[in-house]
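# Structural description and commentary
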Amino acid sequence: MRPRAWWAVLGLAGMTGCATVSPAERAQRAVAANKERARLFTEEVYNQKRLERIPEYVAADYVDRSEGAPEALRGPEVVRTQAEAGFALFPDLRFELLHVLAEDDWVMVRWRAVGTDTQGPVADDGKPRTVTLQGDSLYRLRDGRFVESWDLTDRLSPLLQRGYKVVPPAP
């Protein structure tokens, strides 16, 4: 090979080997990865009921900052405790993700879940009622694991679906 051709080949090889991902592309990839983690977490832990997978998604120092969340529990045990309580009430609970939005280390999930309420009041036919739940979950991730979350759930609709009535106060 001629010396000039040799240098041209080395130059092309060097340029392709030095190609890097821009900071914007790296940020986009991280956001996409965080969205996928939220999707997989919901599918594996809640829809497939694979509670042994919780530590793969939840950091040891995880905190649930939702109203009414247990303050003493930290880490994967918080999620396991909440999931087990939910499955006891709704054994066939199934989540559908309606929207998954992300920015930086934050992921917002809008979800709907349907399940048979085995412990609430039965329907007129004597069978347990199917209840639809809706809410939003905001997660902050670090290194692909949830470190904080906030849940906002519609609490009135499930009560109405179970047959409870809203009675205005007497004037």
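See above for the structure.
Model, not experiment: these values are computed from the prediction. (Residues numbered from 1 in each chain as written. Predicted model: local features only at pLDDT ≥ 70, side-chain atom pairs only at ≥ 80, totals over all residues. Heavy atoms only, no water.)

## Section: helix α2 (residues 23-47)
Compared with an ideal rise of 1.5 Å per residue, which puts 25 residues at 36 Å, α2 spans 35 Å between its outermost C-alpha atoms and is within 8% of the ideal. Buried residues of α2: Val-31, Asn-34, Ala-38, Phe-41, Thr-42, Glu-44, Val-45, Tyr-46 and Asn-47, and no others. Positive phi shows up at Lys-49, right after α2, with a value of about 55°. (Helix = DSSP H or I, 4+ residues; strand = E, 2+ residues; numbered from the N terminus. Expected span 1.5 Å × (residues − 1). Buried < 20%, exposed > 50% of the residue type's maximum accessible area, 1.4 Å probe, protein only.)

## Brief notes about the pairing of strand β5 (residues 145-153)
Looking down a regular strand, the side chains alternate between one sheet face and the other. Relative to β5, strand β1 (residues 58-64) runs parallel, the two sharing three bridges. Within β5, the position partnered with Val-58 by the bridge is Phe-146. Alignment of strand β4 (residues 129-142) against β5, held across eight bridges, turns out to be antiparallel. Residue pairing for β5: Tyr-139 is matched across the bridge by Ser-149. With antiparallel pairing between neighbouring strands as the criterion, β4 and β5 make up a hairpin whose turn holds two residues, including Asp-143 at a positive phi of roughly 55°. (Pairing = 2+ DSSP bridges.)

## Brief notes about the packing of aromatic side chains
The final tally for this structure, using the stated rule, is nine aromatic pairs. Between Tyr-46 and Phe-87, the aromatic rings sit 6.3 Å apart at their centres with planes inclined by 65°, giving edge-to-face as the arrangement. One end of the pair, Tyr-46, is in helix α2; the other, Phe-87, is in helix α4 (residues 76-89), with 41 residues separating them in the sequence. The residue whose ring lies beneath Lys-49 is Phe-87, and the NZ or CZ to ring-centre distance is 4.6 Å. (Phe/Tyr/Trp six-rings, centres within 6.5 Å; stacked < 30°, edge-to-face > 60°. Lys NZ or Arg CZ within 6 Å of the ring centre and 35° of its normal.)

## Observations regarding the environment of Gly-115
As for its position among the elements, Gly-115 is in strand β3 (residues 106-117). The class of Gly-115 is buried, set by a relative accessible area of 2%. Along the primary structure Gly-115 and Thr-130 are separated by 15 residues, whereas in three dimensions their C-alpha atoms are 5.5 Å apart. Those residues within four positions of Gly-115 in sequence are excluded, and the remaining contacts are Phe-90, Asp-92, Leu-93, Arg-129, Thr-130 and Val-131. (Contact = heavy atoms within 4.5 Å.)

## Quick word on the nonpolar core
Core analysis: the largest hydrophobic core is formed by 26 residues, its most contacted members being Phe-41, Tyr-46, Val-58 and Phe-146. Of all elements in the fold, only α2, α3 (54-57), β1, α4, β2 (94-103), β3 and β4 reach the threshold of two or more residues within this core. In contact with Phe-41, not counting residues within four places along its chain, are Tyr-46, Tyr-57, Val-58, Val-79, Tyr-139 and Phe-146. (Core = buried A, V, L, I, M, F, W, Y, C linked by side-chain atoms within 4.5 Å.)

## Quick look at the pairing of β2
Direction of pairing for β2 relative to β3: antiparallel, over a ladder of nine bridges. Of the residues in β3, the one forming a bridge with Glu-96 is Arg-112. Where β2 folds back on β3, the antiparallel hairpin that results is connected by two residues, among which Asp-104 adopts a positive phi of roughly 50°.

## Remarks on the sheet that holds β3
The five strands are arranged β1-β5-β4-β3-β2 in an open sheet whose pairing can be described as mixed. Two strands close off the open sheet at either side, each with one partner strand: β1 and β2. Looking at each pair of strands side by side, their axes are set apart by 25° on average, direction ignored. Contacts between α2 and the sheet are confined to β1, β2, β3, β4 and β5, with β2 contributing the most and set at about 165° to the helix. Strands β1 and β3 of the sheet are contacted by α4, whose axis makes an angle of about 65° with β1. (Axes fitted to C-alpha atoms, helices over the stretch in contact; angles between N-to-C directions.)

## Some words on α4
In this model, α4 (14 residues) spans 20 Å end to end at C-alpha, consistent with the 20 Å of a helix rising 1.5 Å per residue. Buried within α4 are the following residues: Val-78, Val-79, Ala-83 and Phe-87. Taken end-on, α4 shows its buried residues confined to a sector of 155°, consistent with a single buried face. Those residues of α4 that are buried are in contact with α2, α3 and β1. (Arc of directions from axis to C-beta.)

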